[in-house]
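Structure at a glance
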Amino acid sequence: MFQNYIKIALRNLRQNKGFSFINIFGLSVGMAVAMLIGLWIYDELSFDTCHENYETLGQVMTTQTFNGETGTGQAVAIPLSEELKIKYPKDFRKVAMASWNFGHIIAYGENKFSKDGMWVQPELPEMLTLKMLKGNIKALSDPSSILLTESLSKILFGELDPMNKLVKLDNKTFFKVAGVYKDLPYNSEFHNSNFFIPWDKYLAEQQWVKNSQTEWNNHSFQLFVQLNRSDDFERITAKIKDVPMKHLNAATDGKEEILLHPMCEWHLRSEFKNGHISGGRIQFVWLFGIIGTFVLLLACINFMNLSTARSEKRAKEVGVRKAIGSERRQLINQFLSESLLVVFMAFVLAVILVQLSLPTFFNELADKKISIPFGNPVFWLICISFTLFTGLVSGSYPAFYLSSFEPVKVLKGTFRVGKYASLPRKILVVVQFTVSVTLIIGTIIVFKQIQYAKSRPVGYNREGMISINMNTPELYGHYDALRNDLIKTGAVENMAESSSPTTGVYSNQIGFDWKGKDPNAIPLFGIVSVSWDFGKTVHWKLKKVVISPVITVQIHSP
């Protein structure tokens, strides 16, 4: 019987090639869009799950209040690490300090590359459960060691064995390769960290870092922790939140609290308000989930409308079938089989469209490295359920509507569609157009916002501007000579040095005083150290020039 259903369905598709193409292609596009959104949502929800300690890992965040304004960030002071280790040993399984993910020049022989890496304490690689391909995960206990990703090892050494070979960092310090670990997936917060280097070496090389070991008001570092249980975050946060204030003066340093931010919330819930999580990318997950549902719903409605629109052409077929003994149940099965066949064909086409669009368009647009998990049985279970659900939903109305025709009236030619028979289709058309217009308006608004963000005034000239990290002594130790040589080439108009890029502020400071200042106010200023030619280089638009007997200050428009 089922084979007969399929034969009849294929015959109907061949007899109506134009209708079949519109039906299958329209549904496949809707399914492809929904599948792409589904893969994107899965990638977002699975962020950082590659780490085995995913549920017990967290980062210490600092909430600071100045003049009634509260802000939460990742930067912490070094002494906090030792305080947690010594006074709260039962609450933390591991605690590890880390720098930010800085850019460095790493070299082996003539091979030199600019790569990002982190100074970390020896516990962090274990906390992240790095998959070691060679060497020891505890190797960073040796201050002269370095751990490399597999990809960085290959571009540095090729087919050579990297173990115990010396690499030069920033053209001044040699490190011995003590381990190679498998690259972390793209949906890991540590994906861009191509190597880890010992924290003890950081303290020995950088005097300001060494001095920071006793400075509670120097927030320039990161602190990661591993708890014993995943449900301990709120309890331990309440226990340790006031630790910094035991070493700070509220009158001069402001109010400060710390909290534990679980790894499972780093990516999707990273926005804070008044020291509490207020949202993040999870809002986009919900938004795109709703959009994907509506797009698939539109495709299903379009399929149902096209099917019911042809109902009168198949009325005689239904009449003949019923006249020779077909039951309504059999007719429903027939139409549902046709619907499922069309949906299956649309699904195959949708998979092809997704496979073609992922590497060439979607991944670049979404900054992802998503692929269809063909080897994952859960993926196929979801796809089969997805196809069955879509087929049954899309074919339900045509199946029950067409199978309800009375054979006598149809064969006599006296069959007339009831007064309200077309009402469901009219409702579906209205819903379809409403959702379509809403999505179009939303797309136009988003496009306009993006165009505005790209062209809005930023207070400086971005045309022709290049930013380069000064990592090696040859650059930051000979700035004036480098500047003069580059300007002499004629290719460079001007050049300046800055402690932060034009797009951000890497440092802030309190403790400023001036005449007329409120003695109870503790203002927090963003600080950027620049060379004298910075304003001319970025073409600042001056708002005001203040001249005093002591110093001249240029204030630029934000």
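Scroll up to find the structure this text is about.
Residues numbered from 1 in each chain as written. Predicted model: local features only at pLDDT ≥ 70, side-chain atom pairs only at ≥ 80, totals over all residues. Heavy atoms only, no water.

1. A look at the pattern of salt bridges
Evaluated as defined, the whole model comprises 15 salt bridges. Across the pair Lys 368 and Asp 43 runs a salt bridge whose closest N-O atoms are separated by 2.7 Å. Taken together, the residues Lys 368 in the loop between helix H12 (328-366) and helix H13 (377-402) and Asp 43 in helix H2 (residues 17-45) connect sequence positions 325 residues apart. The residues Lys 368 and Asp 43 share a single accessibility class, namely buried. A salt bridge links Arg 229 to Asp 231; the shortest N-O distance between them is 2.6 Å. (Salt bridge = Lys/Arg side-chain N within 4 Å of Asp/Glu carboxyl O. Helix = DSSP H or I, 4+ residues; strand = E, 2+ residues; numbered from the N terminus. Buried < 20%, exposed > 50% of the residue type's maximum accessible area, 1.4 Å probe, protein only.)

2. Quick notes on the packing of H2 against H12
One way to put it is that H2 packs onto H12 with a least axis distance of 7 Å and a crossing angle of 50°. As the angle between them shows, H2 and H12 are arranged oblique. The two elements H2 and H12 meet at a crossing, and its hand is right-handed. Looking at side-chain class alone, the contact of H2 with H12 contains 23 nonpolar, 2 polar and no charged residues. (Axes fitted to C-alpha atoms, helices over the stretch in contact; angles between N-to-C directions. Parallel < 35°, antiparallel > 145°, perpendicular 65-115°, else oblique. Left-handed = near helix turned anticlockwise from the far one by under 90°. Nonpolar A, V, L, I, M, F, W, Y, C, P; charged D, E, K, R; others polar.)

3. Here we look at a nonpolar patch on the surface
On the surface, a nonpolar cluster with roughly 430 Å² of combined accessible area is contributed by Phe 21, Ile 22, Phe 25, Val 29 and Val 33. Looking at the element boundaries, Val 33 is found in helix H2. (Patch = residues over 30% accessible without salt bridge, like charges linked within 9 Å, V, L, I, M, F, W, Y side chains within 5 Å. Areas by Shrake-Rupley, 256 points an atom, 1.4 Å probe, with all protein chains shown as cover.)

4. Structural notes on the pairing of strand S4 (residues 102-108)
Taken together, the 7 bridges between S4 and strand S5 (residues 111-120) define a ladder with antiparallel strand orientation. When the sheet's bridge partners are listed, Ile 105 is paired in S5 with Ser 114. Turn length for the S4-S5 hairpin, with the two strands adjacent in sequence and antiparallel, is 2 residues, and the turn residue Gly 109 shows positive phi of about 65°. One ladder, built from 2 bridges, connects S4 with strand S8 (residues 166-169); its direction is antiparallel. Considered in S8, the bridge of Ala 107 is made with Lys 168. (Pairing = 2+ DSSP bridges.)

5. Some points on unusual backbone geometry
The backbone of Asn 171 shows a phi angle near 60°, a positive value even though the residue is not glycine. Considering the arrangement of structural elements, one finds Asn 171 in the loop between S8 and strand S9 (173-181). A relative accessible area of 28% places Asn 171 in the partly exposed class.

Remember that the coordinates give geometry; whether it matters functionally is a separate question.
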